[in-house]
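# Topology and contacts: notes
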Amino acid sequence: MTPRWVVRSSFVLAIAALAVSVYLTIAHFTSPNILACSASGAINCERVTTSAQSRFLGVPVAVLGLVWSVGIVALCSPSAWDSHALWIRGARTSLVSVGIVFVLWLVYAELLVIRAICLWCTAMHLLTFALFVLVVLFGWSPQSRTFRPPR
């Protein structure tokens, strides 16, 4: 059984990630000026969110983050954690793994390509990292590796 604090914490982190991604998506489609973040120096949300790296395969990274967040909210919901379905555990682990790989690429892009940091993006990166840690450490209990029919 997954500890209750893990279930609650992952769900709260997923909801927070959804909120940040909604905010970043709104800023992308309206104006980066609505971002409550510095627009000069090393911390420059506008430079990051309007850079060439703010798109991946033609899709805004903010939209990809929003889609990812919706999926992770569903997979980190208490009912998903309580499920004995192996595909749910696998999907949750796969989604956070894809998320952390993408975060590593985005941090590289911010630090070495764009040479600016977006605080809202950093918040999303930290939430993704925390979800990754929780899911990897607690997502696969020894009981979940064997099939058990529902009671």
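Each remark here, short or long, concerns the structure printed above.
Residues numbered from 1 in each chain as written. Predicted model: local features only at pLDDT ≥ 70, side-chain atom pairs only at ≥ 80, totals over all residues. Heavy atoms only, no water.

### Focus: unusual backbone geometry
Glycine aside, a negative phi is what most residues show, and trans is what most peptide bonds show. In the Ramachandran plot, L57 falls in the positive-phi region, its phi being about 55 degrees despite a non-glycine side chain. Relative to the helices and strands, L57 resides in the loop between strand 1 (55-56) and strand 2 (59-60). The class for L57 is exposed, based on a relative accessible area of 77%. The phi torsion at R115 lies on the positive side, around 60 degrees, for a residue other than glycine. In this structure R115 comes out as exposed when scored by relative accessible area, which is 60%. (Helix = DSSP H or I, 4+ residues; strand = E, 2+ residues; numbered from the N terminus. Buried < 20%, exposed > 50% of the residue type's maximum accessible area, 1.4 Å probe, protein only.)

### Let's talk about the packing of helix 1 (residues 4-29) against helix 3 (residues 61-75)
Closest axis-to-axis distance for the helix 1/helix 3 pair is 8 Å, and the angle between their directions is 155 degrees. By the criterion of interaxial angle, the relationship of helix 1 to helix 3 is roughly antiparallel. Read as a crossing pair, helix 1 and helix 3 show a hand that is left-handed. For the pair helix 1 and helix 3, contact is made by F11, A14, I15, A17, L18, S21, V22, L24, T25, H28 and F29 and by A62, V63, G65, L66, W68, S69, V70, I72 and V73, respectively. Per-class residue counts for the contact of helix 1 with helix 3 are 15 nonpolar, five polar and no charged. (Axes fitted to C-alpha atoms, helices over the stretch in contact; angles between N-to-C directions. Parallel < 35°, antiparallel > 145°, perpendicular 65-115°, else oblique. Left-handed = near helix turned anticlockwise from the far one by under 90°. Contact = heavy atoms within 4.5 Å. Nonpolar A, V, L, I, M, F, W, Y, C, P; charged D, E, K, R; others polar.)

### Considering a nonpolar patch on the surface
Taken together, the side chains of F56, L57, W105, Y108, L111, L112 and V113 make up a nonpolar region of the molecular surface, amounting to roughly 720 Å² of accessible area. A total of five residues in the nonpolar patch trace back to one element, the largest contributor, which is helix 5 (residues 86-114). (Patch = residues over 30% accessible without salt bridge, like charges linked within 9 Å, V, L, I, M, F, W, Y side chains within 5 Å. Areas by Shrake-Rupley, 256 points an atom, 1.4 Å probe, with all protein chains shown as cover. Salt bridge = Lys/Arg side-chain N within 4 Å of Asp/Glu carboxyl O.)

Note that every value here comes from positions in space, so none of it alone points to a role or purpose.
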